[in-house]
Structures are given as structure tokens and as C-alpha cells.
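These are the residues of each chain, in order.
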Amino acid sequence: MSTAAHASAGAAESTPFPSAKLGIWWFLASEIMVFGGLIVSYLLFRMAGPGWSAELHHNSTLLGTVNTLILLTSSFTMVEVHRAHGRGEEAKFRLHLALTILLGLVFLAIKGAEYTAHIREGLVPAKSMFWAFYFGMTGLHGLHVLGGIVANACLYAVAARPGGVARYGHRAEMNGLYWHFVDVVWIFLFPLLYLG
Amino acid sequence: MSGTTAAAGGHHGEPGGFLRKYVFSADHKMIARQYMFISLFWAAVGGYFAYIIRWQLAHPEADIPLFGRPIGPDEYNAFVTMHGTIMVFFVAMPLLLASFGNFLIPLMIGARDMAFPRLNMLSVWVLGAASALLLLSFFVEGGPAAGGWTGYPPLSARTAYVGADKGMDLWLLALALEFASFLMGGINFLVTPLNMRTRGMGLLRMPLFVWMVMIASLLFLLSVGPLVAGAVMLLLDRNLGTSFFLASGGGDPLLWQHLFWFFGHPEVYVILLPGLGAMMEVMPTFSRKTIFGYRPIIVAVLVAGALSFVVWAHHQYISGLDPRLATPFSVTTILISVPFALIVFALLATLWGGSIRLATPMWFAVGGLAVFIFGGLTGIFNGSAAVDIYIHDTYFVVAHFHSTFFSALFLAGFAAIYYWYPKMFGRMMNEALGQIHFWGTFLFFLAVFVPMHLVGVGGMMRRIANPGQYEFLAPLSGLNRMITMSAVLLLLSQFFFAFNFFWSMFRGRRAPDNPWEGTTLEWTTPSPPPHGNWPGEVPQVHHPPYGYGLPGAGEDWVPQHRPAPSGAGAGR
Amino acid sequence: MKESGAHGSPYLLIWIYLVVLALASVAASIVLPKVPAELAIYFLALVKAALVAMYFMHLKVERFFIHSLSLIPLALVLVLFLGVLQDVVFNR
């Protein structure tokens with residue numbers, strides 16, 4: 001009854017967390033299960049077979065590393081957007097948000113170039129189990145990157161209005177939580193698909 | 001804070017225009033009604049398919065009345081697949097979780113709307129899109145999906161197989177959209193009770209229905225991910241030629257079963273818990289007693305929810321699962337009966353010694369509990385591997401899960417509809433028609449599914465279109481015809497409901513604010529509630545729900561928003 | 001965390017760590033023999049993910065409830081892995 005006992009005074013009852021943040025964390029919890037299921041399947045098949053190192057090293061470590069650095073940097077610019085909102089720096093908010101969107105687009109462009117090269121070589125999803133996982137995992141991740149870019153572009157559109165940062169800037173934290181999660185997924189996909 | 005929270009909803013006027021009010025509405029009460037109509041539409045379709053299935057089993061070679069011709073094995077598989085898919089994903093979840101969850105959470109916790117009203121509107125529209133895709137799949141080349149509601153590969157993994165053509169892709173996409181819809185809904189169902197309770201409404205003062213919807217949403221959010229991953233892999237198998245689930249290409253069909261049932265078992269509770277929650281609201285009100293064991297019930301449901309993540313392989317005992325895994329999964333499965341026994345006994349103890357009012361909602365709640373006990377007990381047979389190896393994929397299993405699903409989905413669902421209909425539509429349903437509906441539903445349900453256990457133990461397999469082909473099933477044909485007759489009568493009984501539902505909407509007696517003398521907050525506002533839920537201030541809460549049978553009070557009940565009379569104690 | 005220091009962002013240091021760790025894992029995969037290389041790159045991936053989660057996603061200053069929203073799914077992923085391990089890996 002302890003919850004109820006001191007529950008009579010003042011404002012409406014709630015947790016200490018803003019609704020939007022709570023909602024995005026519930027969403028991320030379910031996303032962990034989506035990518036978790038995919039990564040578990042990958043690990044199981046890899047353990048079951050003789051290993052995929054030959055196919056895996058067909059991937060360009062250079063392009064994978066560049067893309068990793070791009071996503072890590074975009075996470076940094078994204079968190080700077082959030083920090084700029086906290087400090088009321090409107091110009092910095094827009095600049096870093098634009099940089100985040102741009103870095104996301106560059107990531108997708110490099111990914112697209114890799115896809116094109118693979119498909120030209122005949123390394124299509126049906127080629128082998130590794131390529132099936134490669135396209136399945138990076139494809140689903142790429143769709144998430146695209147979703148993040150769209151969400152950030154929407155935020156940029158409203159933040160570009162006069163007074164937009166003050167009014168909508170708090171959304172940078174939600175977009176950021178999602179964007180960092182997508183980054184974390186890539187942090188695991190990179191060794192799984194390029195290095196290991 | 002999100003700028004879209006509708007805490008201020010009451011201060012805006014009602015949105016104008018037909019489209020804004022009835023179609024593109026962000027009001028949780030209108031969204032609840034939209035979900036209800038979607039689910040009732042699909043319930044009619046699913047019921048019609050059940051009728052076709054049953055008729056085919058009783059009279060395999062004959063023309064099916066209202067369909068016009070007999071169906072072959074391929075079509076039979078399609079009807080079975082669609083019946084299961086529709087009833088689980090397009091009737092049970094929209095009706096219990098989404099419709100009543102949407103309608104009741106804000107009203108029960110004292111909020112003006114859900115935490116994310118526009119996300120809420122999006123969720124119902126995504127479900128509408130999913131429904132459209134599923135409908136479309138009936139009319140594409142190759143017919144609808146026929147791989148069973150579980151979609152097991154390899155049958156589902158190659159478009160060349162019968163019943164796995166374009167219809168199967170549409171089926172997968174419809175399910176994916178349905179999951180997306182319930183992800184959005186689930187986030188609302190979790191955040192709203194956590195953050196938008198009225199003054200005095202502690203977490204442990206919320207009505208149990210809200211707890212049940214929260215835990216069901218939690219289970220859904222945490223279990224659906226691996227199946228989404230599996231669905232992506234299956235779509236790649238079907239359309240890009242990969243072999244995730246095809247042994248011929250180095251894949252493993254068992255992996256799909258694991259991914260499916262890792263979701264599938266918690267999903268059972270996603271459907272069951274809101275139904276149980278409805279019973280937990282109806283029973284105290286109609287026995288004029290407080291619920292027995294409020295907090296133990298919550299703990300038991302949390303324990304059952306946690307256990308539901310470690311029982312999934314009990315669906316796979318004869319699928320080639322490692323036999324050494326069967327025992328641990330049997331143990332966890334049988335363990336899960338402990339918390340559910342606690343819940344059932346708590347509900348029985350709530351009835352014990354109450355001054356029971358036998359109105360239609362109470363009949364359905366008590367009938368639902370009885371059938372649920374019965375279905376739960378046969379689950380112990382299925383859960384233990386040694387017995388399951390004999391009865392797996394027979395009609396015993398079909399009878400078992402219909403006993404649990406039908407009690408949670410239809411008996412508890414009807415209890416909820418009869419109980420909250422006055423609040424939802426502002427008019428009372430007809431009591432006499434309701435009681436006829438109950439007795440028809442309850443008795444003919446038993447007449448269908450009790451003999452079905454015998455058919456199953458007799459060895460009749462699921463998913464066969466013509467039992468007449470098997471000599472050893474010949475002695476069961478009489479029972480099969482009797483089951484089919486009962487099923488037809490069960491379905492005909494639903495016309496009493498359909499008539500009552502639509503007739504009462506326009507001609508029913510006007511409902512007072514609190515027709516059942518309930519204590520929770522939804523009964524403190526007009527029926528139907530206005531936009532913003534309360535015309536004036538949102539009531540403040542002074543004590544736990546279910547303050548019934550209080551000797552000191554003038555009436556025998558104290559609503560949650562009224563301070564308890566001195567010396568009465570407000571129930572616990 | 002986010003309010004400290006008028007000049008320079010506290011997140012800059014985290015970003016430098018992340019870049020260094022990413023390059024270190026690439027180097028490890030090239031220099032080290034197979035098994036130590038695999039151990040190193042997955043360990044470094046865990047460290048990088050933890051840095052992003054703790055600092056960029058603010059888990060370091062969040063409360064238990066938010067932590068549990070990320071840890072319970074991870075535990076469930078482990079349960080899924082262990083449950084399927086026998087069937088898919090050893091019994092084929």
C-alpha cells in the first residue's frame with residue numbers, strides 16, 4: 001500500500017519519466033528482440049556450420065570501417081543536437097541535426113555501393129547462407145537507418161521554423177535514443193559480417 | 001513531455017465534422033469502437049469459416065449449404081489457416097486488448113485520453129490496412145495462405161507449393177502490419193497507466209483490468225521480435241531464394257518453429273489476460289464483494305508471464321525437438337499451472353459468500369471461468385511430453401485450445417461487451433436476449449468441445465479434410481456429425497447477440513451513469529462519456545477499487561472517488 | 001553530465017574512445033590469430049555498445065526502470081539462444 005499511501009496530494013500520478021521517453025524505451029525493448037532474434041539465428045547457423053570466414057572476408061573491411069566511423073560520428077552529432085537543445089543553441093541544433101541526416105545518407109550510399117558490387121559479382125542472397133544473412137541483417141538495419149533519417153528530417157522541418165527549436169527541440173532526445181540504438185546494432189553487425 | 005499528450009483534451013471542444021469524429025478520430029473511445037467493429041466483422045468471417053470446416057468434417061462429400069459445393073483438401077487447409085489467423089490476430093487481440101484496453105484504460109485511471117492519441121489513431125489504421133491485405137489474399141492467384149496459422153516451413157517457404165503462393169506473402173505482410181499496429185497500441189497501453197493516473201490513483205489502486213492489459217502488452221512487446229525476424233527471413237526465402245528454413249539449402253525448418261513459438265506461447269497470455277481482467281471486473285461487481293487477493297493476483301500474473309517465455313518448445317515435442325529438452329519444457333509448462341490455479345481460486349473466493357446478481361455479464365463471466373478451468377486442466381495433459389506424443393496434432397489439442405481461447409475470447413469477451421456496452425454506446429442491451437444468448441453459447445459450446453476430446457483420444461488428426469478416408473475413424477463419424485450440429489446451433493445462437501447489439505444501439509433503454517452499481521472510475525461519468533471523458537474535473541481517488549459490501553456505508557458500495565465513510569474501511 | 005563544462009562537449013571524449021576502439025578492433029582482426037582476434041573484436045564491440053548506451057543514451061544517469069527495459073530483452077535473447085542451441089547447432 002506504500003504506493004497508494006502518499007498518493008493523495010497535488011498533481012496527477014506518474015512515473016518520474018516523461019511519457020515520450022518511456023514510450024521510446026518500450027519500443028527499443030521490442031526492437032532489441034527483433035535484432036536479437038536475427039543475431040541469434042546468425043550465431044546458431046554459424047556455429048552449426050564450418051564457419052564463413054572465406055565469404056566474410058569477401059566484404060571490404062575498408063568500406064565497413066568507414067561506415068562504422070560514419071555511424072559513430074553521426075551518433076556524436078545526434079547527441080550534440082540534444083545538448084544544443086538543453087543549452088538553447090538554435091543554430092548549433094540545426095547544424096548538428098543536418099550533419100546527422102547527411103552522415104546517415106552517406107552511410108546508406110556506401111551500403112548501396114557495396115550491394116551493387118556484390119550483386120554484380122553474383123553474390124546475391126540466394127548464393128549461400130552467409131549472403132542470406134548479410135543481406136537480411138544489413139537490409140533490415142538499413143531500413144532502420146532510413147527510418148531514422150526520415151524522423152530526423154521531420155524534426156529538422158519543424159525546428160527550422162521560427163521558435164521551432166524551443167517548441168520541438170525536446171524530440172531530439174527521442175530521435176537520438178532511436179538513432180543510437182541503430183548505431184549499437186551496427187556496432188555488432190560490423191564484426192559479425194566484416195571482421196569475425 | 002510529449003506535446004501530444006491529451007491531458008488537456010478536455011479543454012478543447014469536440015472535433016467537428018463527420019470524418020474527424022467517426023473516421024480520423026484520435027479519441028480513445030472512438031478508436032475503441034473502431035477496433036470493436038473490425039473485430040466483430042472478422043469474428044463473423046471466422047465463424048463462417050468454422051462452419052465450413054465443421055460441415056466438411058461431418059459430411060465430407062456433400063455440398064456445403066451457404067457455400068454451394070464441397071471443398072477439397074487444398075481449400076480445406078486454406079479455411080483452417082484463415083480461421084486460426086483471423087480468430088487469433090484479427091478478433092481476439094483487437095477485441096480484448098485493443099478495443100477494451102483503449103476504451104477502459106483512460107476511463108479507469110482517470111485520464112482524458114491515451115498518452116499518444118495520434119499513435120493510437122495510426123495503430124487502428126494500420127490494423128485496417130492489415131485487414132485489407134488479408135481480405136485481398138482471398139482473391140489472388142493460388143488462393144489464400146494454406147500453411148496453417150503457424151505457417152511452418154518448408155510448406156510455407158516455396159511459392160511453388162500448394163496454398164503458399166501470393167496469398168502467403170499477403171498473409172505474412174498482413175501479420176507484419178498487425179504486429180506493427182499492436183506495437184504502437186502496446187506502447188500506449190503501457191505508458192498511459194504509468195504516467196497519466198488521476199490524483200490518488202496509485203499503481204496498486206488501479207482496477208485489475210488495467211493491470212492485465214499492461215502485462216499483456218508487455219508480453220507482446222517482448223515476445224514478438226524474434227517472430228518479426230523470422231517473418232523477414234521467411235519472406236526472403238520465398239522471394240529471394242534464400243534457404244533459412246529449407247534443409248535442402250543448409251537451413252533448418254525447426255528454427256522457424258522456435259521463433260514462432262517463442263512468440264506464440266506468450267501470445268496465448270496476450271489474449272487470455274485481458275479476458276481474465278474483464279472477469280475480474282465483472283465478478284466483484286455482481287457478487288458485491290471486493291476481489292479476493294488483489295496483490296497476489298498481480299504477482300501471479302507476472303510470474304505466469306515470466307514463465308511463458310520458457311515454455312515455448314512444448315508445442316514441438318514431436319517436431320524433431322531434442323528429447324532431452326522435452327523434460328525441462330514439460331516441467332516449466334506444468335509449473336505455469338501454479339500461478340493460474342492461484343488466479344482461478346482467487347476468483348472463486350471472490351464469488352464465495354457474495355450476494356450474487358445473475359445478470360448477463362455475470363453469467364458470461366462465471367461460464368467463462370468454468371470453461372477456462374476445464375481448458376486449463378487439459379493443458380496439463382498436453383504439456384507433459386509423454387502424454388503429448390500420443391495426443392499431439394489430434395482433436396484433443398483442438399478441443400483444449402478452443403476451451404481456453406473460447407472462454408477468454410468469447411465468453412469473457414461477451415461478459416465485457418454486455419458489461420461495458422452501456423458505457424460505450426449509452427444504451428442498455430436487452431437482458432432477456434442476453435440470457436438466451438448466454439445459454440445457447442455456453443451449452444452448445446460444451447456440446448461441441450467436450451465430445452471433441454473423445455474424438456481426439458480416438459485418434460482423429462487435425463487438418464484432414466475427409467475423415468471418411470480413414471477406416472479407423474469410421475466409428476467417430478456419428479460423434480463428428482453431432483459436433484457439427486452443435487457447432488451450427490452455437491453459431492446460430494450468435495444471431496441473438498448480433499440482433500441485440502445493433503438493435504440496442506438505437507432502441508435500447510437509455511443507460512444511467514452507473515447501471516451496475518460499480519465502483520471504478522468509468523462509472524462516474526455520463527454514458528457515453530463526452531470528449532475528454534469527464535464534463536468537469538477528473539475525479540480524485542481515495543481508496544482501492546472494488547469497495548463493495550461495506551457495512552457502514554448507506555449503500556453496500558463505495559465508489560473509488562468517494563471518501564470512505566468513517567469506520568467502514570474501504571475494502572482492500 | 002550534459003551540463004558540465006561551458007567549453008567543449010563531454011561527448012567529444014566518448015566519440016574519440018569509440019573511434020579508437022573501432023580502429024583497434026579492425027587492427028586486431030588483421031594482426032591477431034583467429035581465436036584471439038574473434039575474442040578481441042566481440043569484446044571491443046561490447047565495450048563500444050556499452051559506451052554508446054551509457055553516455056549517448058544516458059543510461060549512466062537513468063534509473064533502474066529504464067535499465068530493466070534494456071536488460072530484460074537482452075536476457076530473453078539469451079534464453080532464446082540457449083533454447084534453440086541444441087536443436088539447430090548440435091542435432092543437425
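Here the structure is a predicted model, which is why all the values come from computation and not from measurement.

## As for the overall build of chain A
Scanning chain A from terminus to terminus reveals 8 helices and 0 strands. Each helix and strand of chain A, ordered N terminal to C terminal, gives the series α-α-α-α-α-α-α-α. Counting over 196 residues, chain A shows a buried share of 59%. Long-range contacts, defined as pairs at least 24 residues apart, comprise 78% of the intrachain contacts of chain A with a sequence gap of at least 6. Of the roughly 6,900 Å² of accessible surface on chain A, a fraction of 68% belongs to carbon and sulfur atoms. Charged side chains in chain A number 12 positive and 10 negative. The centres of these two groups are separated by 5 Å.

## Points about the overall build of chain B
When helices and strands are tallied, chain B shows 15 helices and 0 strands. Taking 572 residues into account, the globule formula puts the C-alpha radius of gyration at 25 Å, and chain B, at 24 Å, falls close to it. Taking the principal axes of the C-alpha coordinates as reference, chain B spans close to 70 × 50 × 50 Å. Within chain B, buried positions represent 63% of all 572 residues.

## Some details on the interface of chain A and chain C
Interface size is often expressed as the accessible area that is lost when the parts come together. Residue-level contacts link 45 residues of chain A with 45 residues of chain C. For the chain A and chain C pair, buried surface summed over both sides reaches about 4,100 Å², with 79% attributable to carbon and sulfur atoms. The three residues of chain A that bury the most area against chain C are A:W25, A:L44 and A:R83, which together make up 15% of that side's buried surface. At the boundary of chain A and chain C, one finds 2 salt bridges. Between A:R46 and C:E38 there is a salt bridge, and its shortest N-O distance comes to 3.2 Å. In this structure, the connection of chain A to chain C is made through 5 residue pairs in polar contact (both at pLDDT 80 or more). If you list the elements that add at least two residues to the side of chain A that touches chain C, you get α2 (19–48), α4 (61–87) and α8 (171–195) of chain A. The dominant element in the side of chain A that touches chain C, judged by the number of residues it contributes, is α2(A), at 17 residues. When its residues are assigned to classes, the side of chain A that touches chain C shows 28 nonpolar, 10 polar and 7 charged.

## Let's talk about the side chain of B:H392
All names here are of chain B. Turning to its location among the elements, H392 is positioned in the loop between α12 (385–391) and α13 (395–425). The exposure class assigned to H392 is buried, which follows from its relative accessible area of 17%. Those residues in contact with H392 that sit more than four places away from it in its chain are H315, I318 and V397.

## Some words on the layout of surface pockets
The space that makes up the second largest pocket amounts to roughly 2,000 Å³. Forming the boundary of the second largest pocket are 50 residues, of which A:F27, A:Y178, B:L119, B:L122 and B:M184 lie nearest the centre. Those elements that place two or more of their residues in the lining of the second largest pocket are α2, α6 (129–159) and α8 of chain A together with α4 (117–136), α5 (166–195) and α6 (208–240) of chain B. With 13 residues, the top contributor of residues to the lining of the second largest pocket is α6(A). Of the residues contributing to the lining of the second largest pocket, the split by class is 35 nonpolar, 12 polar and 3 charged.

## A closer look at empty space enclosed by the protein
In the structure shown here, the tally under the stated rule is 2 cavities of 30 Å³ or more. Quantified by volume, the largest cavity comes out at close to 50 Å³. Along its surface, the largest cavity is lined by B:W171, B:L172, B:L175, B:F179, B:L227, B:A231, B:W256 and B:F260. Broken down by element, the lining of the largest cavity gets its largest block of residues, 4 residues, from α5(B). Looking at the lining of the largest cavity, its residues break down into 8 nonpolar, no polar and no charged. For the second largest cavity, the calculated volume is near 40 Å³. Taken together, A:M78, A:V79, A:H82, A:A172, A:E173, A:G176, A:L177, A:H180, C:F56 and C:H58 make up the full set of residues lining the second largest cavity. Elements represented by at least two residues in the lining of the second largest cavity include exactly α4 and α8 of chain A. For the lining of the second largest cavity, the element with the highest residue contribution is α8(A), accounting for 5 residues. Its residues placed into classes, the lining of the second largest cavity shows 5 nonpolar, 4 polar and 1 charged.

## Focus: a positive patch on the surface
Taken together, the side chains of A:R161, A:R167, A:R171 and B:R118 define a basic patch exposed on the protein surface. Its place among the elements puts B:R118 in helix α4. By relative accessible area, which is 54% here, B:R118 ends up exposed.

## Section: the pattern of salt bridges
What the rule picks out here adds up to 19 salt bridges over all chains. Here A:K111 ties to A:E114 by a salt bridge, and the two come within 3.2 Å at their closest N and O atoms. Within this pair, A:K111 and its partner A:E114 are both found in helix α5 (residues 90–120), separated by 3 residues, close to a single helical turn. Accessibility assignment for this pair places A:K111 and A:E114 in one class, buried. Close ionic contact of B:E517 with B:R357 constitutes a salt bridge, the shortest N to O distance being 2.9 Å. In this pair, B:E517 is assigned in the segment after α15 (477–507) and B:R357 in the loop between α10 (337–351) and α11 (360–383), connecting sequence segments 160 residues apart. Note on B:E517: relative accessible area 27%, which makes it partly exposed.

## Here we look at α5(B)
Taking 1.5 Å as the rise per residue, α5(B) with 30 residues should run 44 Å; its terminal C-alpha atoms sit 44 Å apart, in good agreement. The element α5(B) is largely enclosed, with a buried count of 25 among its 30 residues.

## A few points about the interface of chain B and chain A
Chain B puts 47 residues into the contact, and the matching count from chain A is 36 residues. The contact between chain B and chain A buries some 3,300 Å² in all, and 72% of this surface belongs to carbon and sulfur atoms. At the surface where chain B touches chain A, the tally comes to 0 salt bridges. Taken together, chain B and chain A are joined by 6 residue pairs in polar contact (both at pLDDT 80 or more). It is α6(B) that provides the largest number of residues to the side of chain B that touches chain A, a total of 11 residues. The class makeup of the residues in the side of chain B that touches chain A is 27 nonpolar, 15 polar and 5 charged.

## Focus on the packing of helix α14 (residues 431–457) of chain B against α15(B)
When two helices pack together, their arrangement is given by the angle between the helix axes and the distance between those axes. All names here are of chain B. Closest axis-to-axis distance for the α14/α15 pair is 8 Å, and the angle between their directions is 160°. As the angle between them shows, α14 and α15 are arranged roughly antiparallel. In the crossing of α14 with α15, the sense of the turn from one axis to the other is left-handed. The residue inventory of the contact of α14 with α15, partitioned by class, reads 19 nonpolar, 9 polar and no charged.

## Regarding the confidence of the model for chain B
Residues and elements named next belong to chain B. In the predicted model, chain B carries a mean pLDDT of 92, and 95% of its residues have values of at least 70. A low-confidence stretch, residues 1–12 (pLDDT under 50), is modelled with 24 contacts involving residues beyond four sequence positions or located in other chains. Here residues 568–572 is modelled with pLDDT under 50, and outside its nearest four sequence neighbours on either side it reaches 14 contacts, counting other chains as well.

## Notes on unusual backbone geometry
Between B:P153 and the following residue, B:P154, the backbone shows a cis peptide bond with an omega angle of 5°. Considering the arrangement of structural elements, one finds B:P154 in the loop between α4 and α5. Between B:S527 and B:P528 the backbone carries a cis peptide bond, its omega angle lying at -10°. For C:H58, which is not a glycine, the phi torsion comes out positive at approximately 65°. Of note, C:H58 is situated in the loop between α2 (34–56) and α3 (64–90).

Rules used in this analysis
- Residues numbered from 1 in each chain as written.
- Chains lettered and ligands numbered in written order.
- Predicted model: local features only at pLDDT ≥ 70, side-chain atom pairs only at ≥ 80, totals over all residues.
- Heavy atoms only, no water.
- Helix = DSSP H or I, 4+ residues; strand = E, 2+ residues; numbered from the N terminus.
- Buried < 20%, exposed > 50% of the residue type's maximum accessible area, 1.4 Å probe, protein only.
- Contact = heavy atoms within 4.5 Å.
- Areas by Shrake-Rupley, 256 points an atom, 1.4 Å probe, with all protein chains shown as cover.
- Lys, Arg positive; Asp, Glu negative; His and termini not counted.
- Charge placed at Lys NZ, Arg CZ, Asp CG, Glu CD.
- Rg over C-alpha atoms; globule rule 2.2 N^0.38 Å.
- Buried area = accessible area lost by both parts, 1.4 Å probe.
- Salt bridge = Lys/Arg side-chain N within 4 Å of Asp/Glu carboxyl O.
- Polar contact = N/O pair within 3.5 Å; in protein donor to acceptor, adjacent residues only side chain to side chain.
- Nonpolar A, V, L, I, M, F, W, Y, C, P; charged D, E, K, R; others polar.
- 1 Å grid on protein atoms, 1.4 Å probe; cavity = no way out; pocket = protein on both sides within 12 Å on 5 of 7 lines; lining within 4 Å.
- Points joined across faces, edges and corners; volume = space filled by probe spheres on them.
- Patch = residues over 30% accessible without salt bridge, like charges linked within 9 Å, V, L, I, M, F, W, Y side chains within 5 Å.
- Expected span 1.5 Å × (residues − 1).
- Axes fitted to C-alpha atoms, helices over the stretch in contact; angles between N-to-C directions.
- Parallel < 35°, antiparallel > 145°, perpendicular 65-115°, else oblique.
- Left-handed = near helix turned anticlockwise from the far one by under 90°.
- pLDDT = per-residue confidence, 0-100.

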